[in-house]
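An overview of the molecular structure
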Amino acid sequence: ATLGGMGLTGHLLEVTFRMERVPSRWIWQRVVRVDSYERLVEELRNCSQDWPFTVAWSDLLARGAKRGRGILILGRWAEPNEAPDRPPAARRRFELPFDLPGFALNPLAVSWFNRVHFFRNKGSEGPVDPAAFFYPLDAVRGWNRAYGTRGFTQYQFVVPRQGGDAAAKRLVDLAVDAGGTPYLTVIKDFGSEGPGLLSFPRPGLTVALDLPWRGAATQTLVDRLNEALIDVGGRIYLAKDAHSRAEHFRAMEPRLPEWNRVRRLWDPEARLQSALGRRLLESVT
């Protein structure tokens, strides 16, 4: 299907959507336990050639050479002969009925949870419900209540492939060594950059860190992470950002002048605004 419309610059924009028939309503999933960060990243990248859906969970609180070990989760649409005859069953979900106290997710507790999660995933393969594959946290209703009333902030970044895998490792080490205590760490291998002027993906590693909210200390940590990210040519994911400073964002985003030029062209009176835009983008008035 082809859709035509006016682009931001006033030219005709043609967007092509490609639809593919899936062979079944199930996902064929493979789970692999990997004992080091370096191997986890290597396997993630290698497997992406044959598995269209790839993601890795990483244990950043493990000590020494074990830091960054993790679970590799691979998926593809199951072939008809691999899929069960029955449709995916409705998921039974446990509900967390109250907010956990702030001390519940301390470094020791998170470290032990990570250890149990790592060793109980010995490796498996088989068909799974797409909802369970794509939205694993939704197995628990109100899972966010586990973070307590203070909540958390997520910091997601991408390091370009030319920056090297070691650059991403330095950033996650910084987050841990500075006391960030990531509750959850997810790593993916990105493909090509999108056509949007502020599109986030680019070829390289992206890491999402769930960090406990600690007021000024969290702001200081984000500042340090952004400064390190600028040095390796990376950028942040705006949809999950709440703490980056304008000067940091401008330093990591060379496409910003063109974005602001288009803003001034189409919205000279700055009627379209957001809290994020006021924090990070230059004034157009």
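Placed above this text is the structure.
Residues numbered from 1 in each chain as written. Predicted model: local features only at pLDDT ≥ 70, side-chain atom pairs only at ≥ 80, totals over all residues. Heavy atoms only, no water.

1. Comments concerning the overall build of the chain
- Per the secondary structure count, the chain includes eight helices and 12 strands.
- In terms of overall size, the chain behaves like a compact globule, its C-alpha atoms giving a radius of gyration of 21 Å where 285 residues would be expected to give roughly 19 Å.
- Along the first, second and third principal axes, the C-alpha set of the chain runs to 55 × 50 × 40 Å.
- For the chain, restricting intrachain contacts to residue pairs at least 6 apart in sequence, the fraction spanning at least 24 positions comes to 74%.
- Total accessible area on the chain stands at roughly 16,500 Å², and carbon and sulfur atoms take up 55% of it.
- Positive and negative charge centroids in the chain, built from 40 and 32 side chains respectively, lie 5 Å apart. (Helix = DSSP H or I, 4+ residues; strand = E, 2+ residues; numbered from the N terminus. Rg over C-alpha atoms; globule rule 2.2 N^0.38 Å. Contact = heavy atoms within 4.5 Å. Areas by Shrake-Rupley, 256 points an atom, 1.4 Å probe, with all protein chains shown as cover. Lys, Arg positive; Asp, Glu negative; His and termini not counted. Charge placed at Lys NZ, Arg CZ, Asp CG, Glu CD.)

2. A look at a nonpolar patch on the surface
- A grouping of Leu 108, Trp 112 and Val 116 is seen on the molecular surface, where their side chains present a nonpolar patch of about 350 Å² in accessible area.
- Secondary-structure assignment places Val 116 in helix 2 (residues 107-120). (Patch = residues over 30% accessible without salt bridge, like charges linked within 9 Å, V, L, I, M, F, W, Y side chains within 5 Å. Salt bridge = Lys/Arg side-chain N within 4 Å of Asp/Glu carboxyl O.)

3. Describing the packing of aromatic side chains
- For the coordinates displayed, the defined rule picks out eight aromatic pairs.
- When the centroid spacing of 5.1 Å and the interplanar angle of 85° are considered together, the rings of Phe 118 and Phe 119 count as edge-to-face.
- Since its relative accessible area comes to 5%, Phe 118 is described here as buried.
- For Phe 119, a relative accessible area of 38% translates into the label partly exposed.
- A centroid spacing of 4.7 Å and a plane angle of 20° characterise the contact between Phe 200 and Tyr 237, whose relative ring orientation is stacked. Separated by 37 residues along the polypeptide, Phe 200 in the loop between strand 10 (184-190) and strand 11 (204-212) and Tyr 237 in the loop between strand 12 (235-236) and helix 6 (246-252) bring together distant segments of the chain.
- With a relative accessible area of 8%, Phe 200 lands in the buried category.
- Judged by its relative accessible area of 29%, Tyr 237 falls in the partly exposed class.
- The rings of Phe 53, Trp 77, Phe 133 and Phe 134 are connected pair by pair, giving a single aromatic cluster.
- Between Arg 33 and the ring centre of Phe 118, over which it is positioned, the NZ or CZ distance is 5.4 Å. (Phe/Tyr/Trp six-rings, centres within 6.5 Å; stacked < 30°, edge-to-face > 60°. Buried < 20%, exposed > 50% of the residue type's maximum accessible area, 1.4 Å probe, protein only. Lys NZ or Arg CZ within 6 Å of the ring centre and 35° of its normal.)

4. Things to note about unusual backbone geometry
- Phi is positive for Ala 270, close to 55°, though the residue is something other than glycine.
- For Ala 270, the position within the fold is in the loop between helix 7 (256-266) and helix 8 (275-280).
- Ala 270 gets classed as buried once you look at its relative accessible area, which sits at 9%.

5. Observations regarding the side chain of Asn 114
- Turning to its location among the elements, Asn 114 is positioned in helix 2.
- You can call Asn 114 buried: its relative accessible area is 2%.
- Look past the residues within four positions of Asn 114 in its chain and what remains in contact with it is Trp 57, Asp 59, Leu 61 and Tyr 183.

These figures capture arrangement, not role.
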